[in-house]
Amino acid sequence: MNWHAVKRQLNGWAILSFLAILLIVLPGIVVLVELFAPVNDNWQHIQEYLLPRYVRNTLFIMVATGVLTTVIGTSLAWFVTVYDFPFRRFFKWALILPLAIPPYIGAYTYHGILNYTGVIQTTLRNQFGITVDQSYFNIMSIQGTVFIFTLFLYPYIYTITRAFLHNQSSSMIENARILGRGSWDIFFTVVIPISRVAIIGGVSLVLMEVLNDYGVVKYFGIQTFSTAIFSTWFGMKDTSSALKLAGTLMILVIAILTMERLVRGRKQFSYASTKVKPLKPRPLQGWHRYAVFAYVSLVFAIAFVIPFTQLTAWTFLTFDTVFTEEFWQLVWNTVRVAFTATVIILLFALIIANYTRLFPSNMTRVISKVTTLGYSIPGAAIAIAVITLFLWLDDKVLDLARALDLSQTFVFRTTLIMLIFAYVIRFLAIGYNSIESGFEKVGKSFTEASRMLGWNTVQTFFRVDIPMIKGAIMSAFILVFIDIMKELPLTLFLQPFNFSTLATQAFKYVSDEKIHEAALASIVIVLMSGLLIFVSHKVLDKEAD
Amino acid sequence: MNKKYAALGISAALTTSLLAACASTDETTSNEGSDDSNVVNVYSSRHYDVDQQLYKQFEEETGIKVNVVEGKSDELLERLNTEGESTEADLFITADAGNLYQAKEAGHLQAVDSDELESNIPEKYRDTDNEWFGLTKRARVIVYSKDRVKPEDLSTYEALTEEQWNGKVLVRPSENMYNISLLASFIEVNGVDEAKEWAKGLVNNMARDPQGNDRDQAKAVVAGEGDVAIMNTYYMGLMLNSEDEEEKKVAEQLGVFFPNQDTTGTHVNISGIAMTKASKNTENAQKLMEFMSEPSAQEKFASVNYEYPVNESVEPNELLQSWGEFKEQDINLSALGENQQEAIRIFNEVGWK
Amino acid sequence: MFVQINDLHFSYKGAHEETIKGFSISITKGEIVSLLGDSGSGKSTILRLIAGLEMPNQGVVVVNDCVCCDDCQFMPPEDRGVGMVFQDYALFPHMTVEKNIRFGLHKLNRKERNARVEEMLALVNLTEFRHRYPYELSGGQQQRVALARALAPKPALLILDEPFSNLDTSLQHRIRDDLRRLLKQTGTTTIFVTHDEEDAEALADRIVYLGEGKIKKQIMTENNKTFNPQIPCFV
């Protein structure tokens, strides 16, 4: 390669991308260094008494949640795309709504519904004089954990699979119909195999959420990898072993991501041609119609209507005590911190994605991989790395101030900048994934056409690239915004003085065993996420037409 | 061309202004915190509305602004560990003496020499070096079903490991700090071996795998899953005064029993306050500590959570009075911290989930 | 010579063998050259190299006395003054026909720009479709927009990648005659790529046969007899 080839790689896009990548790599390095550090006494103890249980529980939850979300997600996607039944158009987007309920809120809501003083048992006891066997109503178990994750995470698979079936499969499914295959047959012999890639993409998102969940397993007292990291760190005061666990978790996640990439291989989620004909739903006859309707309604009720209703009831119960002037401050805190972090993430994601797309080389491929790996770094590791980094930064600022003889300095730690910085590390991958796939879909020829017409890469970026992937940017914004809004461990750990968000407020009430008081903050999170989901659905639908 | 730069400009301006907006709210904290101005920065693991009221009252009386980070004890402690000497926090308020001991051991705290604190807070609820001070105390007791258990059958924590309670004892998971401190106190009183025997015996007698929080144990007793539960006194207070009628009904069917009255005494833990070594607002911090130990603050601070005030001139809440006085475990509270790691290991070894 | 390409070499990343192995050609002003070859013969790659969308391992590209690329410099595509019609046209879907054509005219002032847009719309016969979006046009119309867009900035060299592959056969015949007339009318030096010999014969002055990254043979077409490169043509 000659020298101007090297020069071509080193442009503004490259420099900005490297800076962004540095952020992600930093906590990764902290974890990896510790992974190879010598073991201490605690590690032996952890290995002997705890690790087998952590691994067993984590694997069980992953496998069971993976299977159940796949079954529910794909079957719903199939029914909604292929058949016409009452309220189909409503369910099409309503089935995404459970995503608006963060699993930890779902967890304490369901526990509140099912426990001894919950609405079900109370009604049975007071109205009918029936006292039930508690073990049937016990949700704080490993099975209960799977139940919660399944209910509130299946939409990941549902949305991806539905979009795929809707856009890509009409000819294949119609052919299969003409060839006289029955519905079941088509589902298993055509739908599942052709949407394999989409399904696996969705499952890997679900598993990532499960592995990094802190709220649900913490509340239910289930020992998994993520609780293990925190209890080793806080309980045993052993940062080194905690980071070792974090490293193990990170490797597990990387393995899942690699597997997903391998399976996907060169296949893309969408076919190159844009001239696909959307599938026309077929009306169902007789009892089938009602069976499908009943199934879809049941899922929607359990995953959204019931918990939402319960939260509403609790909100009314405690509204007067919980709703104060400070509550508006909470909402404002949540919105501004999520908005700022989301905007920064999208800027980074756009720059990196555009760089890796315009200048494909081994280096950019590595950059792209590393960006997606940000998802795999456990929250605890990000927290440690961020605090360490900001302490160092403040030290340097102080030195500088002394050298310049300034009386006041700005302190970066315990400010929102630190928290936002951590969010960027944690969620850049999510923004990047949507934007990268947006770019993948439009391809490179529009950019090349613009350059052939005399615009450089920066001009092209604003005039052509960004307008072309508006939809992808929009959905990236919504995904990241919702994720930040419900984020827990980082916000709890890095919050500045006098700062709470809706999520931390809800969690504080829950950990004080005040579930009813947590309802107002929770329901605001649910409503805001639900609204965003609705908006994005409308936008994406319009784009698809 | 212009349009493009406008778009770029707008997005840049938006981001910087937002960042500035974010930073500006904290500027007051950070800038003023760096010299001796009128603030005090608190890391607190308590999050009650009454705390906010007390801070407000303190602000009005002294003109000192109280800045608070509310979090869970262990998270705040770990944050202190990481921040070390650079921490912005002046005061650390947390439940559990074990946490306070940890903070002291890690060298994060400094001694406070105050006559007022010494007269308001009895010696046994203070650190020997005056590095931390208790504010409230709570007892970890046995709660029983009034229908099925006669209080005469209950005696000690140790007795719960006997045959007659097989399959009848309810308790929450071992990762909980209250349980860790309980076992730590047994290690102090009875030695490691007996403490381990006790934990093993209790696991053997459990009605179900440990799960849920203290309130869930109470509900499980009423639901008939077990007959007795180990839990903190203040949850009984909270349930008896709950907005939820059903929770009240549950609590009304339960009795509170203070164990080990004839032997080593009932396990008592505290929530407390400490000044960080790195504190930059020591005077203000000390004022807030003294304020919290005064009778007027003590009354509110303790009664909101149905805890016992440490200041002996303050009467506990009526409900607590109705349960009567009791003999407390006679140990140095630092022991809860010293034995913490040992306790965690024992729990893991005996398989207390 | 108007376009001069010397000893062009290129290999795709990770490939062991070079896709282009020493390609050289000279083109006179106003000439229409067709690169003809099977898929995989590297014909589209040569277009991308001339356009500046790929970087050669070695070789020189000179267009209209302007050195686009040699051993020590590489001019980015936007500075080359080369126009390109893409195989899939790559019309910007978020812009109308008029805006697509206007897109490349940013170096002109407003008045010149408007005049040029009108001129191009008239040239390709799409004046009444100016406010349509690309997806509201037929395949043949889309191609004409793409052509107008590429010709609007008066490129020194126009390159077309498989210009007929997206059209049905009946349309193809009519359009290639129209296209030739249009290119001659504007005097545009043109290189286009095709795998269809008939297309090449109908449109080009000269056909260059490619195989395995090299020139196999070159022939002048019947058209060439009526073509006199010495007479300059203006629009």
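Residues numbered from 1 in each chain as written. Chains lettered and ligands numbered in written order. Predicted model: local features only at pLDDT ≥ 70, side-chain atom pairs only at ≥ 80, totals over all residues.

**Remarks on the overall build of chain C**
And then number 1: If you tally the helices and strands in chain C, you get six helices and ten strands.
And then number 2: In terms of overall size, chain C behaves like a compact globule, its C-alpha atoms giving a radius of gyration of 17 Å where 235 residues would be expected to give roughly 18 Å.
And then number 3: When its C-alpha atoms are laid out on the principal axes, chain C stretches across 50 × 40 × 40 Å.
And then number 4: Counting over 235 residues, chain C shows a buried share of 41%. (Helix = DSSP H or I, 4+ residues; strand = E, 2+ residues; numbered from the N terminus. Rg over C-alpha atoms; globule rule 2.2 N^0.38 Å. Buried ≥ 20, exposed ≤ 12 C-beta atoms within 10 Å, placed from the backbone.)

**Things to note about the overall build of chain B**
And then number 1: Counting its regular elements, chain B contains 15 helices and ten strands.
And then number 2: Expressed as a percentage of its 353 residues, the buried residues of chain B come to 55%.
And then number 3: Sequence-distant contacts, at least 24 apart, represent 77% of the contacts inside chain B between residues at least 6 apart. (Contact = placed C-beta atoms within 7 Å.)

**Regarding the domain arrangement of chain C**
Residue and element names in this part refer to chain C.
And then number 1: Along its sequence, chain C is organised into domain 1 (1–79 + 155–229) and domain 2 (82–154).
And then number 2: When each unit is reduced to the centre of its C-alpha atoms, the spacing between domain 1 and domain 2 is 22 Å.
And then number 3: Facing the 20 residues of domain 1 at the interface are 15 residues of domain 2.
And then number 4: Examining the composition of the side of domain 1 that touches domain 2, we find that five residues originate from one element, strand S7 (residues 157–161), more than from any other.
And then number 5: When the residues that make up the side of domain 1 that touches domain 2 are grouped by side-chain class, the tally is 14 nonpolar, four polar and two charged. (Domains from an automatic or database assignment. Nonpolar A, V, L, I, M, F, W, Y, C, P; charged D, E, K, R; others polar.)

**Side note on the domain arrangement of chain B**
Residues and elements named next belong to chain B.
And then number 1: Once the domains are mapped, chain B shows domain 1 (30–137 + 269–314) and domain 2 (138–267 + 325–350).
And then number 2: Just the C-alpha atoms count here: the centres of domain 1 and domain 2 sit 28 Å apart.
And then number 3: Taken together, the 16 residues of domain 1 in the interface contact 18 residues of domain 2.
And then number 4: Of all elements in the fold, only helix H4 (97–105), strand S5 (132–145) and strand S9 (267–276) reach the threshold of two or more residues within the side of domain 1 that touches domain 2.
And then number 5: Among the elements that make up the side of domain 1 that touches domain 2, the one with the highest residue count is H4 (five residues).

**With respect to the interface of chain A and chain B**
Often the size quoted for an interface is simply the accessible area lost on bringing the parts together.
And then number 1: With 54 residues of chain A at the interface, the matching set in chain B holds 56 residues.
And then number 2: Residue contributions to the side of chain A that touches chain B peak at six residues, all from helix H15 (residues 325–358) of chain A.
And then number 3: Of the residues that constitute the side of chain A that touches chain B, the class distribution is 25 nonpolar, 21 polar and eight charged.

**Remarks on the sheet that holds strand S4 (residues 58–63) of chain C**
Backbone-to-backbone hydrogen bonds pair the strands of a sheet. The strands run either parallel or antiparallel.
All names here are of chain C.
And then number 1: Taken together, four strands build an open sheet; the order of strands is S2-S1-S4-S5 and the sheet is antiparallel. Each of the sheet's edge strands pairs with one partner strand only, and the pair in question is strand S2 (20–27) and strand S5 (66–69). The sheet shows a mean angle of 20° between the axes of neighbouring strands, direction not considered.
And then number 2: Strand direction decides the pairing type here: strand S1 (residues 3–10) and S4, joined by five bridges, are antiparallel. From the neighbouring strand, Ile5 faces S4, where its bridge partner is Val61. (Pairing = 2+ DSSP bridges. Axes fitted to C-alpha atoms, helices over the stretch in contact; angles between N-to-C directions.)

**Re the environment of Leu151(C)**
And then number 1: In this structure, Leu151(C) sits in helix H4 (residues 139–151).
And then number 2: Ignoring anything within four residues of it in the chain, the contact list for Leu151(C) reads Gly83(C), Met120(C), Leu158(C), Thr186(C) and Thr188(C).

**As for the sheet that holds strand S8 (residues 189–194) of chain C**
Residue and element names in this part refer to chain C.
And then number 1: One open sheet accounts for six strands, arranged S6-S7-S8-S3-S9-S10; its pairing is mixed. Two strands bound the open sheet, and with one partner strand each, they are strand S6 (82–85) and strand S10 (214–220). Along the sheet, successive strands turn relative to each other by an average axial angle of 20°, direction set aside.
And then number 2: Note: strand S3 (residues 32–36) against S8, five bridges, orientation parallel. Within S8, the residue paired with Leu35 across the bridge is Val193.

**Observations concerning the nonpolar core**
And then number 1: Counting 230 residues, the largest nonpolar core has Ala349(A), Ala422(A), Val424(A) and Ile159(C) as its most contacted members.
And then number 2: Per element, the largest residue contribution to this core is 17 residues, and it comes from helix H18 (residues 416–442) of chain A.
And then number 3: For this core, the domains that each give at least three residues are domain 1 (1–79 + 155–229) and domain 2 (82–154) of chain C.
And then number 4: Core analysis: the next-biggest nonpolar cluster, separate from the first, contains 102 residues, Leu135(B), Trp198(B), Ala302(B) and Leu333(B) among them. (Core = buried A, V, L, I, M, F, W, Y, C linked by C-beta atoms within 7 Å.)

**Here we look at helix H2 (residues 49–62) of chain B**
All names here are of chain B.
And then number 1: Taking 1.5 Å per residue as the helical rise, H2 with its 14 residues ought to reach 20 Å, and the 20 Å between its terminal C-alpha atoms agrees with that figure.
And then number 2: Buried within H2 are the following residues: Asp51, Leu54, Tyr55 and Phe58. Buried residues of H2 fall within an arc of 100° about the axis and therefore sit on the same side. Turned more than 90 degrees off the buried face of H2, the exposed positions are Lys56 and Glu60. (Expected span 1.5 Å × (residues − 1). Arc of directions from axis to C-beta.)

**Focus: the packing of helix H2 (residues 12–35) of chain A against H18(A)**
Residues and elements named next belong to chain A.
And then number 1: Between H2 and H18, whose axes approach to 9 Å, the crossing angle comes to 105°. If you check the angle between H2 and H18, you find them roughly perpendicular. For the pair H2 and H18, the contacting residues are Leu23, Ile24 and Pro27 in the first and Val424, Ile425 and Leu428 in the second.
And then number 2: Considered class by class, the residues forming the contact of H2 with H18 number six nonpolar, no polar and no charged. (Parallel < 35°, antiparallel > 145°, perpendicular 65-115°, else oblique.)

**Structural notes on unusual backbone geometry**
All names here are of chain C.
And then number 1: Positive phi is not limited to glycine here, since Tyr89 has a value of about 70°.
And then number 2: Mapping Tyr89 onto the fold places it in the loop between S6 and helix H2 (97–102).
And then number 3: We classify Tyr89 as buried; it has 23 C-beta atoms within 10 Å.

**Focus: the pairing of S9(B)**
Residues and elements named next belong to chain B.
And then number 1: Of all ten residues that make up S9, ten are buried, and the element is covered over most of its length.
And then number 2: Residue alternation in S9 divides its side chains into two sets, His267, Asn269, Ser271, Ile273 and Met275 and Val268, Ile270, Gly272, Ala274 and Thr276, and both sets are buried.
And then number 3: Relative to S9, strand S3 (residues 91–95) is paired through five bridges, and the arrangement is antiparallel. Bridge assignment links Phe92 to a residue of S9, and that residue is Ala274.

**Observations concerning the confidence of the model for chain C**
All names here are of chain C.
And then number 1: Summarising the model, chain C shows a mean pLDDT of 84, and 95% of its residues fall at 70 or more.
And then number 2: At the low end of the mean pLDDT range in chain C sits S5, at 77; at the high end sits H2, at 92.
And then number 3: Taken together, the stretch residues 228–235 has pLDDT below 50 and engages in 13 contacts with residues farther than four places along the chain or on a different chain.
And then number 4: For this predicted complex, the interface score ipTM comes out at 0.84, alongside a pTM of 0.81. (pLDDT = per-residue confidence, 0-100.)

**Focus on the pairing of strand S2 (residues 65–70) of chain B**
Residues and elements named next belong to chain B.
And then number 1: Burial within S2 is extensive, with five of its six residues counted as buried.
And then number 2: Relative to S2, strand S1 (residues 39–44) runs parallel, the two being bridged by six bridges. Paired with Ser44 across the two strands is Glu70, which belongs to S2.
And then number 3: Between the parallel pair S1 and S2, the chain is carried across by H2, and the sense of this crossover is right-handed. (Right-handed = clockwise from strand over helix to strand, strands pointing away.)

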